[in-house]
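Here's the letter readout for the chains.
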Amino acid sequence: MRTLAIIGSGPAAFYTAEAALKAFGDDVRIDMLERLPTPYGLIRAGVAPDHQSIKAVSRRYEQVATDPRVRFLGDVEVGRDVEVADLLQLFDDVVLATGAPQDRPLGIPGDTLEGVVGSAAFVGWYNGHPDWADLDPPLDGPDAIIIGNGNVAIDCARVLAKTTAELAASDIAGHALGALGRAGLRTIRILGRRGPHQASFTLKEVGELGELLRATPVVKPEDLPPEAADAGLESGQRRVVQVLRRFASEGPDAAKPVRIVFDFFRRPVRAVGEGRVAGLEVMRTRVGADGRAEDTGETETLACSLLISAIGYRTAGVPGVPFDAATGRFANVDGRIADRLWCVGWARRGPTGTIGTNRHDGFALVERLAATPPAGHGDGPKGLDRLLASRGVVPVDFAGWQRIDAAEAAQARPGAPREKLVRLAALRAAAHAPAGA
Ligand code: NAP
């Protein structure tokens, strides 16, 4: 019997579990430990609430979680309730699938002013993550700036730009829907330190900005490189640039009151304001021969009362596990951190790629596990139960999550799939509610 402890319950965790079930058959037991009472990681708390079709992948994870060889142990925090060293004593292998939930620091003067928030916090807030339920981002001013040219920046811009009606069928947290409904934003800037050819957007995400009810995209024709240069782009990037060219040639829709302005070739220099952010000083840039942004020496200050930095994420460190601060992930070689200790997904390779990229990661890791016989810690799950009980830790099992799921569905707004519970106490109460309650 091989025993596996997987820490985290997002896509990388579930694909690893799925691969292990396939590889080891009846000869495996998997415990999935999750800090929150709810599973699915980024699917629940990262994927945009108006992208419900992407969230449907959780049904596949549900099949894994309800397999008798797998247990979900929610509300168990590694580093608080149990240590990695404990798990290594109890299980043959321990896999960190903890993702990259922290914002990469912006690192410019003024980045601690009120109104400057990271995308992990902002996305967590609108997605009802308990850590960010009280973020309360300032939405009363007319101008927001989002730093970064990736899909997270687009998600943030789109959610800020949509009307209450456009978000009605989403599972956006009620507190965010209410606050966004009262917001007075008129200009949402998406700031890139390089140009359209270097942006990390994907086609669907850029295209959606042209289909919003009250918001219209603005691309400045002078930011677009000569069309002939598009020939050198990879096909996906070329199509993204074609959409940006279309936005530029059509110009903004004057009937729409909210403008989503692509501000390419601008590097953030400092956030300005007295106590709370009022603007962002930027340096105009050009892209050098090496593909990097070069300063032109020309600066300007753009007004904003909300500044979101969507410049990438970092893995959170875990006590006792070697961490590479430079890359913001666990120190590992092809997923191996130390003897019987592994990492997978964003915790291994950093915050890039689609959800499906983690499937390959999980299967590749299990191939490596299968190459060595189990170390002989067959008692994992029973031993973990004893350890948690001795520490007074009461996990939320998968049936507990299903009770949360049902409670959220029962209180959904009309047309929405769920209204998320956003407080740990409420999540725990729903999870541990007696049958029929
Ligand atoms: P990302 O795609 O890596 O984009 C990060 C952006 O931040 C880049 O444009 C980068 O510019 C910029 N940046 C980094 N440091 C900066 C700095 N100091 N100042 C200014 N700009 C800076 O990351 P992401 O948007 O966080 O997305 C993470 C992953 O999730 C990506 O693979 C993304 O595609 C995926 N995702 C997918 C979806 C979807 O499919 N719907 C939605 C959300 C996220 P440089 O290029 O110049 O470094």
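Residues numbered from 1 in each chain as written. Predicted model: local features only at pLDDT ≥ 70, side-chain atom pairs only at ≥ 80, totals over all residues. Heavy atoms only, no water.

Within the chain, the secondary structure is distributed over 15 helices and 19 strands. Rg of the C-alpha trace for the chain: 23 Å, near the compact-globule value of 22 Å for 437 residues, within the 12% margin. Taken over the C-alpha atoms alone, the chain extends approximately 65 × 50 × 40 Å along its principal axes. Per-residue burial for the chain yields a buried fraction of 54% across its 437 residues. Pairs at least 24 residues apart make up 75% of the contacts formed inside the chain by residues separated by at least 6 positions. Of the roughly 18,400 Å² that the chain leaves accessible, carbon and sulfur atoms contribute 52%. In the chain, which carries 52 positive and 55 negative side-chain charges, the distance between the mean positions of the two groups comes to 2 Å. (Helix = DSSP H or I, 4+ residues; strand = E, 2+ residues; numbered from the N terminus. Rg over C-alpha atoms; globule rule 2.2 N^0.38 Å. Buried < 20%, exposed > 50% of the residue type's maximum accessible area, 1.4 Å probe, protein only. Contact = heavy atoms within 4.5 Å. Areas by Shrake-Rupley, 256 points an atom, 1.4 Å probe, with all protein chains shown as cover. Lys, Arg positive; Asp, Glu negative; His and termini not counted. Charge placed at Lys NZ, Arg CZ, Asp CG, Glu CD.)

A word on the packing of aromatic side chains. According to the stated counting rule, one finds twelve aromatic pairs in the structure shown. Plain terms: the ring middles of F14 and Y61 are 5.1 Å apart, the flat faces sit at 5° to each other, and that makes the pair stacked. Separated by 47 residues along the polypeptide, F14 in helix α1 (residues 11–24) and Y61 in helix α4 (residues 58–65) bring together distant segments of the chain. In this structure, F14 and Y61 share a single accessibility class: buried. (Phe/Tyr/Trp six-rings, centres within 6.5 Å; stacked < 30°, edge-to-face > 60°.)

Next up on the list: unusual backbone geometry. Positive phi outside glycine occurs at D136, with the angle close to 50°. Relative to the helices and strands, D136 is located in the loop between α6 (119–126) and β7 (143–147). Residue D136 is classed as exposed on the basis of its relative accessible area, which comes to 61%. Although it is not a glycine, R340 sits at a positive phi angle of roughly 65°. Inspection of the secondary structure puts R340 in the loop between β18 (336–338) and β19 (341–343).

Quick look at the sheet that holds strand β14 (residues 306–309) now. The parallel open sheet is built from six strands, whose spatial order is β6-β14-β7-β8-β10-β9. Single-partner strands in this sheet number two, and they are β6 (116–118) and β9 (215–219). Averaged over all neighbouring strand pairs, the angle between strand axes comes to 20°, with direction disregarded. Inspection of the sheet shows β9 paired to strand β10 (residues 258–263) by five bridges, in the parallel sense. Paired with P217 across the bridge in β10 is I260. (Pairing = 2+ DSSP bridges. Axes fitted to C-alpha atoms, helices over the stretch in contact; angles between N-to-C directions.)

Once that is clear, we can look at the domain arrangement of the chain. Assigned domains within the chain: domain 1 (2–101 + 315–396) and domain 2 (104–309). Using C-alpha coordinates to define each centre, domain 1 is positioned 33 Å away from domain 2. Taken together, the contact pairs 13 residues of domain 1 with 20 residues of domain 2. A buried area of about 1,200 Å², summed over both sides, lies between domain 1 and domain 2, and 49% of it is on carbon and sulfur atoms. Considering only the surface of domain 1 that becomes buried against domain 2, P49, D50 and H51 emerge as the three largest contributors, covering 42% of it. The interface formed by domain 1 and domain 2 holds four salt bridges in total. (Domains from an automatic or database assignment. Buried area = accessible area lost by both parts, 1.4 Å probe. Salt bridge = Lys/Arg side-chain N within 4 Å of Asp/Glu carboxyl O.)

When two helices pack together, their arrangement is given by the angle between the helix axes and by the axis-to-axis distance. Following both chains from N to C, one finds helix α14 (residues 398–410) and helix α15 (residues 424–431) inclined at 110°, their axes separated by 7 Å at the closest point. With respect to α15, the axis of α14 lies roughly perpendicular. Note on packing geometry: the crossing formed by α14 with α15 is right-handed. Only L427, A430 and A431 of α15 make contact with α14, whose side of the interface consists of G400, R403, I404, A407 and E408. When grouped by side-chain class, the residues that make up the contact of α14 with α15 number five nonpolar, one polar and two charged. (Parallel < 35°, antiparallel > 145°, perpendicular 65-115°, else oblique. Left-handed = near helix turned anticlockwise from the far one by under 90°. Nonpolar A, V, L, I, M, F, W, Y, C, P; charged D, E, K, R; others polar.)

The local shell around the ligand holds 20 residues, among which N149, R193, R194, E205 and G353 are the closest. The separation between an oxygen atom of the ligand and a polar main-chain atom of G353 is 2.9 Å. In isolation the ligand has 920 Å² of accessible area, and contact with the protein removes 79% of it. Among the elements that line the shell around the ligand, the one with the most residues is helix α7 (residues 151–161), at three residues. Split into classes, the residues belonging to the shell around the ligand amount to seven nonpolar, eight polar and five charged. Looking at the shell around the ligand, you find at least three residues from each of domain 1 (2–101 + 315–396) and domain 2 (104–309). (Near = heavy atom within 4 Å. Polar contact = N/O pair within 3.5 Å; in protein donor to acceptor, adjacent residues only side chain to side chain.)

Our focus in this paragraph is the layout of surface pockets. Approximately 320 Å³ is the volume found for the second largest pocket. What lines the second largest pocket is a set of 15 residues, among which Y40, K55, S58, D405 and R418 lie closest to the centre. Within the residue set of the lining of the second largest pocket, elements represented by two or more residues are α2 (42–45), α3 (52–55), α4 and α14. Counting residues per element, the lining of the second largest pocket draws most heavily on α4, which supplies three residues. For the lining of the second largest pocket, the per-class residue count stands at five nonpolar, two polar and eight charged. (1 Å grid on protein atoms, 1.4 Å probe; cavity = no way out; pocket = protein on both sides within 12 Å on 5 of 7 lines; lining within 4 Å. Points joined across faces, edges and corners; volume = space filled by probe spheres on them.)

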